[in-house]
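Survey of secondary and tertiary structure
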Amino acid sequence: MGRTNGKIRIGGILKNAYLACVDVLGAPDQPGVAAAILGALGGAHINVDFIVQCVDLNEQDHFVLCINRDDLPLALEVIEAVTRDIRARNVVFHNHMASIAIFGPDFRERPGIAANMFHALAQHGININAISTSISTVTCIIADNRLADAIAAIHEYFDAP
C-alpha cells in the first residue's frame, strides 16, 4: 500500500453512527478496576465497542467506553453501582457519538497515518473526543452529526475503496 493520486492508500473506512460514550473519571489506579467496570457491563449483556483508559498525574484512572446508544440507560445504572465500589469520582456521558476508523494491513510500517487522519478531521473542524489505535486501525470518536463530514474529509486525504 502506497500512494495513489497523491493520496495515501488505505484498506477502508469503518463507522458506527449510533454510539453513546460513558466516561468513568477519577478511579484509583489499582488492579481490578477495569475488570470491575467491564465485568459489570458484560454481566448486563452490554457490549463495549470502544475502550480507552489512561492514568493522570494524580494516579487516577479515566475510562472512555462507547456502547450502543440504546444501552445507555442500563449502562449508566450498572456503572453508577460499580463506581461506588471502586470509588470513582465522577461518571459523565455523551449521547450522540459516532466512531470513524481507517484500516490497512501495514499501518505499523507507515509513519504518519494517524497524523494524516487527525489533520483531515481538523481541516474540516471536526473535534475528536477519543482516539484508539492498533497495528492496523486508527479510530476516532466524534459527534454523530459530523460523521458524513468525517467520511468526506478522509476521502480527501486518503485513497479508500
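Residues numbered from 1 in each chain as written. Predicted model: local features only at pLDDT ≥ 70, side-chain atom pairs only at ≥ 80, totals over all residues. Heavy atoms only, no water.

1. Remarks on the nonpolar core
Generally speaking, soluble globular proteins have nonpolar side chains that are buried together. Here is the rule: Among buried residues, the Ala, Val, Leu, Ile, Met, Phe, Trp, Tyr and Cys ones that are joined through side-chain atoms within 4.5 Å form a nonpolar core. Note on exposure labels: buried denotes an accessible area under 20% of the residue type's maximum, exposed denotes more than 50%, and partly exposed covers the range between, all computed with a 1.4 Å probe on protein chains only. Working definition: helices are DSSP H or I runs of at least four residues, strands are E runs of at least two. Numbering for both runs from the N terminus. By definition in these notes, contact holds between two residues if any of their heavy atoms fall within 4.5 Å.
Of all hydrophobic cores here, the largest spans 22 residues; its most connected members are Val-22, Ile-37, Leu-41, Leu-65, Ile-67, Ile-79 and Ile-86. When contributions to this core are tallied by element, the ones reaching two or more residues are β3 (12-28), α1 (33-43), β5 (60-68) and α2 (72-86). Once residues lying within four places of it in the same chain are set aside, the contact partners of Ile-86 are Ala-27, Pro-28, Val-33, Ala-36 and Ile-37. Within the second largest apolar cluster, 18 residues are counted, among which are Ile-10, Ile-102, Phe-107 and Ile-142.

2. Concerning unusual backbone geometry
One can expect most non-glycine residues to show negative phi and most peptide bonds to be in trans. Positioned with a positive phi, Glu-59 is a non-glycine residue whose angle comes to about 60 degrees. Locating Glu-59 in the fold gives a position in the loop between β4 (48-55) and β5. Judged by its relative accessible area of 57%, Glu-59 falls in the exposed class. The phi dihedral of Arg-87 falls on the positive side, at around 65 degrees, and the residue is not glycine. In this fold, Arg-87 is placed in the loop between α2 and β6 (90-103). What makes Arg-87 exposed here is its relative accessible area of 53%.

3. Focus on the sheet that holds β5
Strand pairing in a sheet is mediated by backbone hydrogen bonds. Such pairs are either parallel or antiparallel. Definition in use: Pairing between strands requires that DSSP locate at least two bridges from one strand to the other. In this analysis an axis means a line fitted to C-alpha atoms, helices contributing only their contacting stretch, and an angle means the value between N-to-C directions, from 0 to 180 degrees.
Overall, antiparallel pairing links the six strands, which are arranged β4-β5-β3-β6-β8-β7 in an open sheet. Only two strands of the sheet have a single partner each, and these edge strands are β4 and β7 (130-133). With strand direction ignored, the average angle separating the axes of adjacent strands in the sheet is 30 degrees. For β3 and β6, the ladder comprises 11 bridges, and the chain directions are antiparallel. Residue pairing in the sheet places Lys-15 in a bridge with Ile-100 of β6. In the packing of α1 onto the sheet, contacts are made with β3, β4 and β5, and the angle to β5 comes to roughly 20 degrees. Where helix α3 (residues 113-123) meets the sheet, its contacts fall on β6, β7 and β8 (137-143), and the angle it forms with β8 comes to roughly 20 degrees.

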